[in-house]
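Spelled out, the chains give:
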Amino acid sequence: MTIARTICLGFLGAILFGAFLLMLPFSVATGTWNDPLVALFTSTSAVCVTGLIVVDTGTAFSNFGQCVILLLIQIGGLGYMTLSTFLMLLIGRRFDLAQKFAIKESFDQPYNQGTRTLIRSIIATTLIGELTGIFLLYIRFGQDFGAKSGLWLSIFHSISAWNNAGFSLFSNSLMGYHNSWIINLVIPALVIFGGIGYEVIIEFYLWLQHRRKRKVRQFSFSLNFTVVTQTTLWLLGLGAIAFLFVEWANISTLAPMDNVTDKVLSAWFQSMTTRTAGFNSIDIGKMTTAGLFVTMGLMFIGASPSGTGGGIKTTTLSILAHCTFSVLRGRNYVTIRRREIPNGTVLKAIAVVFGSATVITIATAVISIDNPDINLIDVLFEVISAFATVGLSTGITASLSTGGKIAIICTMYCGRVGILLLMSALLGDATPQRLNYPEENLLVG
């Protein structure tokens, strides 16, 4: 039982347990047994913090069922190893070496020091973020739905947003709040901070502490912090501009909105939600073809390492972009901000993109064969959304065949555990090579 297999089986166990709970009659609004495929799909989508649904969450499930979904979202957002380690801390058990290495593997850390501090920081950051979101969202939901219903809506949407799950209790997601400033600021803030990675948040907190104490020594941000924040800001800004450009005249999305402010808010929200959030304030199925392609590109990139989102991650994009620049400049090494990136990291980034593209291609082919009446763009959009754990859909999820839904379930699982971790679980730990082979060039390009 390797570390990779432990993590993969942990997620699988959570999915199956959640599916069992969602099948029970008291999880369903009608009080009858739930369809096993619907329960399995919903549980997978919740644990994988995706947000794709085959039934309406707010009407199909009872209060107990919604609580189960919320619990599965929290488990999936924190991660199996984080949650199990936190439970060990609560009962006072000590970590063994395997547990420390598992945490290192989960957060892709180069070392395994300070495991207890890391887990406590993650839990504290999550609680602070979600509680802040609940308080701010209640200002609007409490006004619209009253104290009790408003509080539950605030709790559900805050946890869903922080964990980048995209589940909503509204049938049209957040389309009814496309012009609400508080919703269009609080939800994106929760999504961005939840998906940017705990290490970035902790480092930002340390910088604030440094500034508050007015220390003479200058605070130096890590390369990971710089790359993640800069790439995230660029993607958010360029995405919003792109959506404004391609959807401005679309009579089914931005064109009917009364003023420029509403259009800018909607474009900003759409750019944010492609970072694996899954909420939408416009009708995705009525977007232009160009808008769908922009969305697919941003979804494929996704969030950042050690965050609650999916995709190939912002750091992978940055490494591959600088790798291209290095080739164009005639270099045989990759540098970012005067730091040389190890060849192993570059190879890992290439493997992530290649593996992700392979999974998406296979899933798209399988679903297209089993659902020949559905447009290829809609199928590709659905698959990328599932693999990147985004949850946006053009509206075809419920109409997919049984084989198509199973393919989406497998795709969501692959995207959540990570393609490299999944392959490591299937193939076993790599063995070091003791041979060096002669070099020979190939024609490339």
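Residues numbered from 1 in each chain as written. Predicted model: local features only at pLDDT ≥ 70, side-chain atom pairs only at ≥ 80, totals over all residues. Heavy atoms only, no water.

*Asks:* Got a minute to help me understand helix α1 (residues 3-23) in this structure?
*Replies:* Because an α-helix packs 3.6 residues into every turn, residues spaced three or four apart end up facing the same way. When the terminal C-alpha atoms of α1 are compared, their 31 Å separation across 21 residues agrees well with the 30 Å that a helix rising 1.5 Å per residue should span. Buried within α1 we find A4, I7, C8, G10, F11, A14, I15, G18, A19, L21 and L22. Down the axis of α1, the buried side of the element spans an arc of 170 degrees, and every buried residue falls inside it. (Helix = DSSP H or I, 4+ residues; strand = E, 2+ residues; numbered from the N terminus. Expected span 1.5 Å × (residues − 1). Buried < 20%, exposed > 50% of the residue type's maximum accessible area, 1.4 Å probe, protein only. Arc of directions from axis to C-beta.)

*Asks:* How do you make sense of helix α17 (residues 402-417) when you look at a structure like this?
*Replies:* Here α17 contains 16 residues, and its C-alpha end-to-end distance of 23 Å stays within 8% of the 22 Å for a straight helix at 1.5 Å per residue. For α17, the complete set of buried residues consists of G404, K405, A407, I408, I409, T411, M412, Y413, C414, G415, R416 and V417. Contacts made by the buried residues of α17 are with α1, α2 (36-47), α4 (63-78), α15 (343-370), α16 (376-387) and α18 (419-427). Trailing α17 by a residue or two, G418 shows a phi angle of about 100 degrees, which is positive. (Contact = heavy atoms within 4.5 Å.)

*Asks:* Where do I start with the packing of α16 against α17 in this structure?
*Replies:* Packed helix pairs are specified by the crossing angle of their axes together with the interaxial distance, meaning the distance between the axes. In contact at an axis separation of 7 Å, α16 and α17 are set at 40 degrees when each is read in the N-to-C sense. Classified by the interaxial angle, the pair formed by α16 and α17 is oblique. When α16 is examined against α17, the residues E382, V383, A386 and F387 are found in contact with a partner set consisting of I408, T411, M412, C414 and G415. Class assignment for the residues of the contact of α16 with α17 results in 6 nonpolar, 2 polar and 1 charged. (Axes fitted to C-alpha atoms, helices over the stretch in contact; angles between N-to-C directions. Parallel < 35°, antiparallel > 145°, perpendicular 65-115°, else oblique. Nonpolar A, V, L, I, M, F, W, Y, C, P; charged D, E, K, R; others polar.)

*Asks:* Looking at this model, I keep getting lost on the nonpolar core. Mind explaining?
*Replies:* Across soluble globular proteins, you tend to see nonpolar side chains buried next to one another. Within the largest apolar cluster, 100 residues are counted, with the highest numbers of intra-cluster contacts made by I69, I73, L174, I187, I408 and M412. Broken down by element, the residue count for this core peaks at 8 residues, all from α1. Of all hydrophobic cores here, the second largest spans 8 residues; its members include V227, I319, C323 and V334. (Core = buried A, V, L, I, M, F, W, Y, C linked by side-chain atoms within 4.5 Å.)

*Asks:* Just to check I follow, could you spell out the pattern of salt bridges for this structure?
*Replies:* Where side chains of opposite charge bring their charged atoms close, a pairing between them can arise. Counting across every chain of the model gives 2 salt bridges. Measuring nitrogen to oxygen at the nearest pair gives 2.9 Å for the salt bridge that ties D144 to R140. Of this pair, D144 and R140 both sit in helix α7 (residues 115-145), 4 residues apart, which is roughly one turn of the helix. Its relative accessible area of 26% is what places R140 among the partly exposed residues. (Salt bridge = Lys/Arg side-chain N within 4 Å of Asp/Glu carboxyl O.)

*Asks:* Looking at this structure, I do not really get the packing of aromatic side chains. What am I missing?
*Replies:* The description of two aromatic rings rests on the distance between their centres and on the angle between their planes. Counted according to the given criterion, the structure contains 10 aromatic pairs. With centroids separated by 5.6 Å and ring planes inclined at 80 degrees, the aromatic side chains of F141 and Y177 adopt a geometry described as edge-to-face. In this pair, F141 is assigned in helix α7 and Y177 in the loop between α8 (147-162) and α9 (181-195), connecting sequence segments 36 residues apart. The exposure class of Y177 is buried, given its relative accessible area of 9%. Members of the aromatic cluster, joined through ring pairs, are F141, F145, F170 and Y177. Positioned over the ring face of W248 is K263, at 4.1 Å from the centre of the ring. (Phe/Tyr/Trp six-rings, centres within 6.5 Å; stacked < 30°, edge-to-face > 60°. Lys NZ or Arg CZ within 6 Å of the ring centre and 35° of its normal.)

*Asks:* Which parts of the structure should I look at to understand a nonpolar patch on the surface?
*Replies:* A surface patch of nonpolar side chains, amounting to about 260 Å² of accessible area, comprises L9, L12 and L16. Along the chain, the position of L12 falls in helix α1. Classification of L12 by relative accessible area gives partly exposed; the value is 35%. (Patch = residues over 30% accessible without salt bridge, like charges linked within 9 Å, V, L, I, M, F, W, Y side chains within 5 Å. Areas by Shrake-Rupley, 256 points an atom, 1.4 Å probe, with all protein chains shown as cover.)

*Asks:* Where do I start with the state of the cysteines in this structure?
*Replies:* By definition, a disulfide is the covalent link that joins the sulfur atoms of two cysteine residues. Going through the model one piece at a time under the given rule, you end up with 0 disulfides. Its sulfur unpaired, C410 is 6.7 Å from the next cysteine sulfur, which belongs to C414. (Disulfide = S-S within 2.5 Å.)

*Asks:* So what exactly am I meant to see when it comes to the packing of α15 against α17 here?
*Replies:* Taken N-terminus to C-terminus, the directions of α15 and α17 make an angle of 170 degrees; their axes are 9 Å apart at the nearest point. Taken together, the axes of α15 and α17 lie roughly antiparallel to each other. Between α15, through V359, A363, V366, I367 and D370, and α17, the contact on the second element is made entirely by G403, G404, A407, I408, T411 and C414. Across the contact of α15 with α17, the residue classes tally to 7 nonpolar, 3 polar and 1 charged.

*Asks:* Teacher, can you tell me more about the environment of G309 here?
*Replies:* Along the chain, G309 turns up in the loop between α13 (289-301) and α14 (314-328). We classify G309 as buried; its relative accessible area is 8%. If sequence neighbours within four positions are ignored, G309 has contacts with N164, G195, T276, A303 and T389.

*Asks:* Could you clarify how one ought to interpret unusual backbone geometry in this entry?
*Replies:* The phi angle at N164 is positive, at roughly 55 degrees, despite the residue not being glycine. Structurally, N164 can be placed in the loop between α8 and α9. Overall, N164 belongs to the buried group, its relative accessible area being 1%.

*Asks:* Whenever I open this one, the environment of S45 confuses me. Can you help?
*Replies:* Examined against the element boundaries, S45 turns out to sit in helix α2. We classify S45 as buried; its relative accessible area is 0%. In this structure the C-alpha to C-alpha distance between S45 and G166, which are 121 residues apart in sequence, comes to 9.6 Å. Contacts of S45, omitting those with residues within four sequence positions, involve T50, G51, L52, F167 and M412.

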